[in-house]
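# Structural features, examined
Chain by chain, the residues:
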Amino acid sequence: MPKAEKKSSNRRLTGAYVSAVISISLVLLLLGVALTLIANARKVSDYFKESMQISLICTPGTDEAGAAACTARLDTLPFVRSTSIVSREQGEKELREMLGEEFLSVFETAPIPVSIDLSLKAEYVSADSLKFILPVLEGQPEVEEVDSRQSLVESLNKNLSGISLVLGVFILLLLFISIVLIGNTVRLSLHARRFTIHTMRLVGATGRFIRKPFLRSAFWQGLIAGVLADGVLALGLYFVRKSFPQIFAIFDPVILGAVGAFILLCGIIICVAATFFVVNSLLASGEDELYY
């Protein structure tokens, strides 16, 4: 083979290899994003549940000292995550922003009582748990009324369950699509070398000898694609951490590491397995089949 033709052939093979690595890494990246979401679904669910607050409206005669005594008792309860006192001044400010200055001017005295914002631990944010929690909160001597937002709790749990189910189905479909796309990418990459495989078989090379360099190449192909996908995913998480630190705090570092390792392993296994089956298929092909 002339040098110019050999050089052109090597350039085409290198281009096909790089193109295959980029295609595989993009598929793995998409899989990594989906896995990150589904693996941290419980943490995300807990975050939303614990962000929901129950408002305890204190009796008209309760001042901030009385509300502080009430929060001290509430903080000892096993289902309470956090409490915060909303003073009359803060309540008036919030109401003024909502309804305007003119609305409050009709009152001779401040109509806003002291209140307490309370958040529950995630495992207690359910309709069944609220049946036992509300009587305890309503039984506090400083509390006149409890805004439990029970309908919001039921809606939140229903929506989170639906989202988890959709994500679960999505991740299974995406994993199947990833296997198919990566398999096809490997098949197209090896198809360009089918005559090389046929020539090696004609000169007496065994199937194991022929497969070995292709499997080694597939291993590095999957490894490089996995590293690229993990790198882009890590870069995306870095920007999430910089821009939205509260959201990033939800993610478990151990789970993120496991997702990264899975993506790397997934890239290697799929590439090696696809290469093994494609090479076997080419070894079993007749000469006439190589032209199709």
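Look up a bit, the structure's there.
Each value, and the rule that gives it
- Residues numbered from 1 in each chain as written.
- Predicted model: local features only at pLDDT ≥ 70, side-chain atom pairs only at ≥ 80, totals over all residues.
- Heavy atoms only, no water.
- Helix = DSSP H or I, 4+ residues; strand = E, 2+ residues; numbered from the N terminus.
- Buried < 20%, exposed > 50% of the residue type's maximum accessible area, 1.4 Å probe, protein only.
- Contact = heavy atoms within 4.5 Å.
- Areas by Shrake-Rupley, 256 points an atom, 1.4 Å probe, with all protein chains shown as cover.
- Pairing = 2+ DSSP bridges.
- Axes fitted to C-alpha atoms, helices over the stretch in contact; angles between N-to-C directions.
- Phe/Tyr/Trp six-rings, centres within 6.5 Å; stacked < 30°, edge-to-face > 60°.
- Polar contact = N/O pair within 3.5 Å; in protein donor to acceptor, adjacent residues only side chain to side chain.
- Arc of directions from axis to C-beta.
- Expected span 1.5 Å × (residues − 1).

### Focus on the overall build of the chain
Within the chain, the secondary structure is distributed over eleven helices and four strands. When burial is assessed residue by residue, the chain has 35% of its 292 residues classed as buried. Contacts in the chain between residues at least 24 apart in sequence constitute 84% of all its contacts with a sequence separation of at least 6. Approximately 17500 Å² of the chain is accessible, and the part contributed by carbon and sulfur atoms is 64%.

### Things to note about the sheet that holds strand E1 (residues 53-58)
The strand order E2-E3-E1-E4 describes an open sheet built from four strands, whose pairing is antiparallel. Each of the sheet's edge strands pairs with one partner strand only, and the pair in question is strand E2 (80-86) and strand E4 (143-147). Sheet twist, expressed as the mean angle between neighbouring strand axes with direction ignored, is 25°. When E1 meets E4, the two strands line up antiparallel, connected through four bridges. Considered in E4, the bridge of Ile57 is made with Glu145. Packing against the sheet, helix H3 (residues 64-74) makes contact with E1, E2, strand E3 (115-120) and E4, and its axis sits at approximately 175° to E2.

### Considerations on the side chain of Ser129
Tracing the backbone shows Ser129 in helix H6 (residues 127-138). Accessibility expressed as a relative area gives 17% for Ser129, which makes it buried. Beyond its immediate chain neighbours, meaning those up to four positions away, Ser129 contacts Glu123 and Tyr124.

### Regarding the packing of aromatic side chains
For the structure on display, the rule yields four aromatic pairs. Ring geometry for Tyr238 against Phe239: centres 5.8 Å apart, planes inclined by 70°, an arrangement best described as edge-to-face. For Tyr238, a relative accessible area of 42% puts it in the partly exposed group. On the accessibility criterion, Phe239 (48% relative accessible area) is partly exposed. For the ring pair Phe276 and Phe277, a centre distance of 5.6 Å and an interplane angle of 80° mean the geometry is edge-to-face.

### Here's the deal with the side chain of Thr62
Summarising the element assignment, Thr62 is placed in the loop between E1 and H3. Using a relative accessible area of 7% as the deciding quantity, one classes Thr62 as buried. Within the structure, Thr62 has its side chain in polar contact with the side chain of Thr59 (distance 2.5 Å). If sequence neighbours within four positions are ignored, Thr62 has contacts with Ala67, Arg88, Val114 and Glu142.

### What about the environment of Phe262?
Inspection of the secondary structure puts Phe262 in helix H11 (residues 253-283). Phe262 gets classed as partly exposed once you look at its relative accessible area, which sits at 38%. In this structure, the C-alpha to C-alpha distance between Phe262 and Leu28, residues 234 residues apart in sequence, is 9.9 Å.

### Thoughts on H3
Those residues of H3 that sit buried are Gly66, Ala67, Cys70, Thr71 and Leu74. Down the axis of H3, the smallest arc covering the buried residues is 140°, so these residues share one side. Tucked into the core, H3 has its buried residues touching E1, E2, E3, H6 and E4.

### Here we look at the pairing of E3
Put simply, side chains in a regular strand alternate between the two faces of the sheet. With respect to burial, E3 is a largely interior element, six of its six residues being buried. Side-chain alternation along E3 places Ser115, Asp117 and Ser119 on one buried face and Ile116, Leu118 and Leu120 on a second face that is also buried. Alignment of E2 against E3, held across six bridges, turns out to be antiparallel. Considered in E3, the bridge of Ser84 is made with Asp117.

### Some words on the environment of Glu142
For Glu142, the location among the structural elements is in the loop between H6 and E4. Spatially, the C-alpha atom of Glu142 lies 6.8 Å from that of Cys70, the residues being 72 residues apart in sequence. The contacts of Glu142, once residues within four sequence positions are left out, are Ile57, Cys58, Thr59, Thr62, Gly66, Cys70 and Arg73. Within polar-contact distance, the side chain of Glu142 engages the side chain of Arg73 at 2.5 Å.

### Quick word on H11
The periodicity of an α-helix, 3.6 residues per turn, causes residues three or four positions apart to be oriented the same way. Between its terminal C-alpha atoms H11 stretches 45 Å, which fits the 45 Å expected from 31 residues at 1.5 Å a residue. Between a side-chain oxygen at the N-terminus of H11 and the backbone nitrogen of Val254 the separation is 3.0 Å; the capping residue is Asp252.

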